[in-house]
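# Coordinates in review
Residues per chain are reported as follows:
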Amino acid sequence: RDKKLWFASAAVLLLLLLVVPQVQQAGAKGDPTSKMTAELVKQISAAKPDDMVAAVVKMRAVSNLNGIQGEKAPVFAELRRAATMSQAGLIGYLNAANVQKRVSIVHPFWIDNIVYVKATKDVILELASRDDVKELFENFTFTLPPRPEKSAQQVPGWDSLAKIGATTVWST
């Protein structure tokens, strides 16, 4: 009897382990906004049907840099190759005749396998539902803080003796 109960419990647990991930995966596919940042979702929600929305689309594919790290040309070649291959389907979709009129900008970037897209919200939502897309985020500007003013006491970069304090040692 204990053996039957143990097997029944194990069977239920196994079933849950197999079914729950499938249900969660199906839920994520059903909601394209699950791959979007909160700010992009806000922009999509506020946009009218014909408004263009800018989004950065991060592809799921990752470059294989094993064995070539530290070598500039082969790394760049692999990044370009991986981006070209993984972005081909997405760019083909955006250039299709029935979609093209709802897209104003498509700009691929190989360095991080992303594509900048400016399109209507229905197109952006369709991109989010693609399996080859990892995430979408809003286009943003990053501003560096201003450099501090140079003070009179700062040592010029070429004066290495003053930088290490040699003139102070000599004066004592």
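Refer to the structure printed above.
Residues numbered from 1 in each chain as written. Predicted model: local features only at pLDDT ≥ 70, side-chain atom pairs only at ≥ 80, totals over all residues. Heavy atoms only, no water.

A few words on the packing of helix α3 (residues 72-95) against helix α5 (residues 121-128). Helices that pack against each other are described as a pair by the angle of their axes relative to one another and the distance between those axes. Interhelical geometry of α3 versus α5 gives an angle of 155° and a closest axis separation of 12 Å. Regarding the angle of α3 to α5, the classification is roughly antiparallel. α3 and α5 meet at a crossing whose hand is right-handed. From α3, Leu90, Tyr93 and Leu94 reach across to α5, where they touch Val123, Glu126 and Leu127. Residue composition of the contact of α3 with α5, by class: 5 nonpolar, no polar and 1 charged. (Axes fitted to C-alpha atoms, helices over the stretch in contact; angles between N-to-C directions. Helix = DSSP H or I, 4+ residues; strand = E, 2+ residues; numbered from the N terminus. Parallel < 35°, antiparallel > 145°, perpendicular 65-115°, else oblique. Left-handed = near helix turned anticlockwise from the far one by under 90°. Contact = heavy atoms within 4.5 Å. Nonpolar A, V, L, I, M, F, W, Y, C, P; charged D, E, K, R; others polar.)

Here we take up the sheet that holds strand β4 (residues 133-138). Strand order in the open sheet formed by 4 strands is β2-β3-β1-β4, with antiparallel pairing between adjacent strands. One side of each edge strand has no neighbouring strand; the edge strands of this open sheet are β2 (103-109) and β4. Looking at each pair of strands side by side, their axes are set apart by 25° on average, direction ignored. Across the sheet, helix α2 (residues 38-46) touches β1 (52-59) and β4, and the angle it forms with β1 is around 145°. Most of the contacts of α5 go to strand β3 (residues 114-120), to which it runs at about 140°, and overall it touches β1, β2, β3 and β4. (Pairing = 2+ DSSP bridges.)

The subject of this paragraph is a nonpolar patch on the surface. On the surface, Phe140, Phe142 and Leu144 cluster together to form a nonpolar patch covering roughly 410 Å² of accessible area. Structurally, Phe140 is set in the loop between β4 and α6 (160-163). The class for Phe140 is exposed, based on a relative accessible area of 52%. (Patch = residues over 30% accessible without salt bridge, like charges linked within 9 Å, V, L, I, M, F, W, Y side chains within 5 Å. Areas by Shrake-Rupley, 256 points an atom, 1.4 Å probe, with all protein chains shown as cover. Salt bridge = Lys/Arg side-chain N within 4 Å of Asp/Glu carboxyl O. Buried < 20%, exposed > 50% of the residue type's maximum accessible area, 1.4 Å probe, protein only.)

So, about the nonpolar core. Core analysis: the largest hydrophobic core is formed by 21 residues, its most contacted members being Val57, Leu90, Val117, Ile124, Leu127 and Leu136. Where this core is concerned, the elements lending two or more residues are α2, β1, α3, β3, α5 and β4. Not counting residues within four places of it along the chain, the set of residues in contact with Leu90 comprises Val57, Met59, Val115, Leu127, Arg130, Asp132 and Val133. Counting 5 residues, the second-largest nonpolar core is a separate cluster that includes Ala54, Ile114, Tyr116 and Phe137. (Core = buried A, V, L, I, M, F, W, Y, C linked by side-chain atoms within 4.5 Å.)

Enumeration according to the criterion identifies 5 salt bridges in this entry. Between Glu39 and Lys42 there is a salt bridge, with its nearest N and O atoms 3.5 Å apart. Placement of the pair is Glu39 and Lys42 together in helix α2, with a separation of 3 residues, close to one helical turn. Judged by relative accessible area, which is 33%, Glu39 ranks as partly exposed. A relative accessible area of 52% places Lys42 in the exposed class. For Glu78, the salt bridge identified is with Arg81, shortest N-O distance 2.8 Å.

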